[in-house]
Amino acid sequence: DIASAEKRESDLTDSITELNGRLGSGKVELARVEQAVKDGAADSSKATTVRGKEAEAYAQRKSDLETAIENLDRAIGVLGKLESDNLRDRASAAEETKLLTVAAGVRHALGLYTRLPAAKADVSDTVKSFFGNPNAWVQMHSKTDSPHKGTYKTQSDAVLGMIKDMHDSFQRDLEDLLAEEKKAISQFKNLMITKAKDQKMLQASLSKLTSQTASDDADLAADTKERKDTQDQLKEDRAFLDTTKTTCKTRAAEWSERSRLRTEELTGMQEALTILSEGESQDRKSVV
């Protein structure tokens, strides 16, 4: 029993040492994975927030460009029609109203145009100056030829051309914006898919590590208790063995002494019987 318990104590000590080492590294890895899960969730949340802001900026930019394009479309239509109409000395009230309306839209578009990287300052200044007096589009001389008519016609054609260029710039920017947003949405979806996969793997690893750590903790507690119980039993068994050995030695010594004394007694009794037997024989001879 003692030999078996000593072997069990040694095995338990090895197991406890291994479990302590595994728990030490396992808890460090568990903490790392837990932090990775938190960081992953925070990154996903941050990416979602950033994408939301980008989407808001995109929606605002898209709305601005579409409004500018719409205003310039209207201005090009109105101004082109006025140029194609018969020229008069002054504009009618309806024409002035249209001019004032498109002028406001063009000024709004100009504000957006000036923020473009490729914006041309001379275009902005010329159009802004020209639309400072929208009625100038129809303040022409009579149908008779006039020295001013050709000059004005050239100027109006130039401004209308600038407005068309602005319109084309906004249209290109809108197309680029739509393409960029489509690409950003695709990249965000791919990022979220990747993040979800990473989180799934991390969660699986976290679950496995948590389960393994709990199992190792339970095994360590069980082995530690069993080793203590084994050590306590060993202590009792060794004490019992020592006591038994001492008792056996005492009993053996006592038995040896008793055997010696009995042997001496038996020897003495044999000698006495021999003497008595010899004396009885001589007495019989005398009688005869």
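Residues numbered from 1 in each chain as written. Predicted model: local features only at pLDDT ≥ 70, side-chain atom pairs only at ≥ 80, totals over all residues. Heavy atoms only, no water.

**A short note on the overall build of the protein**
Consideration 1: What the protein contains, in helices and strands, is four helices and zero strands.
Consideration 2: For the protein, the residues scored as buried account for 27% of the 288 residues in total.
Consideration 3: Of the contacts formed within the protein by residues at least 6 apart in sequence, a portion of 86% connects residues at least 24 apart.
Consideration 4: When the accessible area of the protein is evaluated, it comes to approximately 19400 Å², of which 55% is carbon and sulfur surface. (Helix = DSSP H or I, 4+ residues; strand = E, 2+ residues; numbered from the N terminus. Buried < 20%, exposed > 50% of the residue type's maximum accessible area, 1.4 Å probe, protein only. Contact = heavy atoms within 4.5 Å. Areas by Shrake-Rupley, 256 points an atom, 1.4 Å probe, with all protein chains shown as cover.)

**Some points on the pattern of salt bridges**
Consideration 1: Counted by the stated rule, this structure contains 19 salt bridges.
Consideration 2: A salt bridge links Asp229 to Lys225; the nearest nitrogen and oxygen atoms lie 3.0 Å apart. A residue pair is termed a helical-turn pair when its members lie 3 or 4 positions apart in one helix, as Asp229 and Lys225 do in helix α4 (residues 147-287) at four residues.
Consideration 3: The partly exposed category is assigned to Asp229, whose relative accessible area is 38%.
Consideration 4: If you follow the salt bridges from partner to partner, you end up with Glu18, Arg22 and Asp216 in one network. (Salt bridge = Lys/Arg side-chain N within 4 Å of Asp/Glu carboxyl O.)

**Quick notes on the confidence of the model for the protein**
Consideration 1: Confidence along the protein averages 83 in pLDDT terms, with 78% of residues attaining 70 or more.
Consideration 2: For the protein, helix α3 (residues 121-130) is the element with the lowest average pLDDT, namely 66, and helix α1 (residues 2-84) is the one with the highest, namely 91.
Consideration 3: For residues 86-91, every residue scores under 50 in pLDDT, and the model assigns this stretch 22 contacts once sequence neighbours within four places are set aside.
Consideration 4: Scored below 50 in pLDDT, residues 140-150 makes 13 contacts in the model with residues more than four places away or belonging to other chains. (pLDDT = per-residue confidence, 0-100.)

**Overview of the nonpolar core**
Soluble globular proteins tend to bury their nonpolar side chains together.
Consideration 1: Counting residues in hydrophobic clusters, the biggest one holds 26 residues, and the most contacted among them are Leu72, Val127, Ile163, Met166 and Phe170.
Consideration 2: Of all the secondary structure elements, the ones that give two or more residues to this core are α1, α2 (93-113) and α4.
Consideration 3: Membership of the second largest hydrophobic core comes to five residues, among which are Leu30, Val33, Val37 and Leu209. (Core = buried A, V, L, I, M, F, W, Y, C linked by side-chain atoms within 4.5 Å.)

**Describing the side chain of Asn71**
Consideration 1: Mapped onto the secondary structure, Asn71 falls in helix α1.
Consideration 2: You can call Asn71 buried: its relative accessible area is 13%.
Consideration 3: For Asn71, the contacting residues outside a window of four places in its chain are Gly105 and His108.

**What to know about the environment of Arg107**
Consideration 1: With respect to the element layout, Arg107 can be found in helix α2.
Consideration 2: Expressed as a C-alpha distance, the spacing of Arg107 and Asn71, which sit 36 residues apart in the sequence, is 9.4 Å.

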